[in-house]
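# Commentary on secondary and tertiary structure
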Amino acid sequence: MGLDRKFTITIIEDRCKGCELCVIYCPTDALEMSEKTNLNGYYIPKIKDIDKCKGCQLCFKLCPDFAIYCSGKN
Ligand code: SF4
Ligand code: SF4
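What comes next concerns the included structure.

Parameters and conventions
Residues numbered from 1 in each chain as written. Chains lettered and ligands numbered in written order. Predicted model: local features only at pLDDT ≥ 70, side-chain atom pairs only at ≥ 80, totals over all residues. Near = placed C-beta within 6 Å. Nonpolar A, V, L, I, M, F, W, Y, C, P; charged D, E, K, R; others polar. Pairing = 2+ DSSP bridges. Helix = DSSP H or I, 4+ residues; strand = E, 2+ residues; numbered from the N terminus. Core = buried A, V, L, I, M, F, W, Y, C linked by C-beta atoms within 7 Å. Buried ≥ 20, exposed ≤ 12 C-beta atoms within 10 Å, placed from the backbone. Contact = placed C-beta atoms within 7 Å.

### So, the site of ligand 2
- As a matter of local geometry, ligand 2 sits amid 14 residues, with C16, C19, C22, C63 and A67 nearest to it.
- Within the shell around ligand 2, the residues separate by chemical class into 10 nonpolar, one polar and three charged.

The structure is reproduced here in structure tokens:
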């Protein structure tokens, strides 16, 4: 059921290099860059609107550093 879809995005902050690929290519605009930096000084992404996430895993597939993934029902 479409209404039951719920996804969780996990960002492993200290692995992130701040490349913004996940934010730029998320097809539903569910992510945005934050103003927070990680231990290495890179700006990290954050969830803009989790309800927009459709669980496509593109963010996970694109991230060069395995710093983000999506879990939940599809
Ligand atoms: S799983 Fe897909 S829709 Fe959800 S945040 Fe990642 S790229 Fe965007
Ligand atoms: S794609 Fe990965 S390394 Fe790049 S901003 Fe997103 S989480 Fe960080």
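### Overview of the site of ligand 1
- The local shell around ligand 1 holds 14 residues, among which C26, C53, C56, C59 and C70 are the closest.
- Grouping the constituent residues of the shell around ligand 1 by class yields 10 nonpolar, three polar and one charged.

### Considerations on the pairing of strand 3 (residues 43-47)
- In terms of strand pairing, strand 2 (residues 31-37) meets strand 3 through four bridges, oriented antiparallel. Looking across to strand 3, one finds that E32 is bridged to K46.
- Where strand 2 folds back onto strand 3 in an antiparallel hairpin, the turn is made up of five residues, including G41, whose phi is positive at roughly 85°.

### Some details on the nonpolar core
- Ranked by size, the top nonpolar core spans 14 residues in total, and within it I11, C22, C59 and I68 carry the most contacts.
- Secondary-structure elements contributing two or more residues to this core are strand 1 (7-11) and strand 4 (68-72).
- Beyond its immediate stretch of four places on either side in the chain, I11 contacts C16, I44, P45, A67 and I68.

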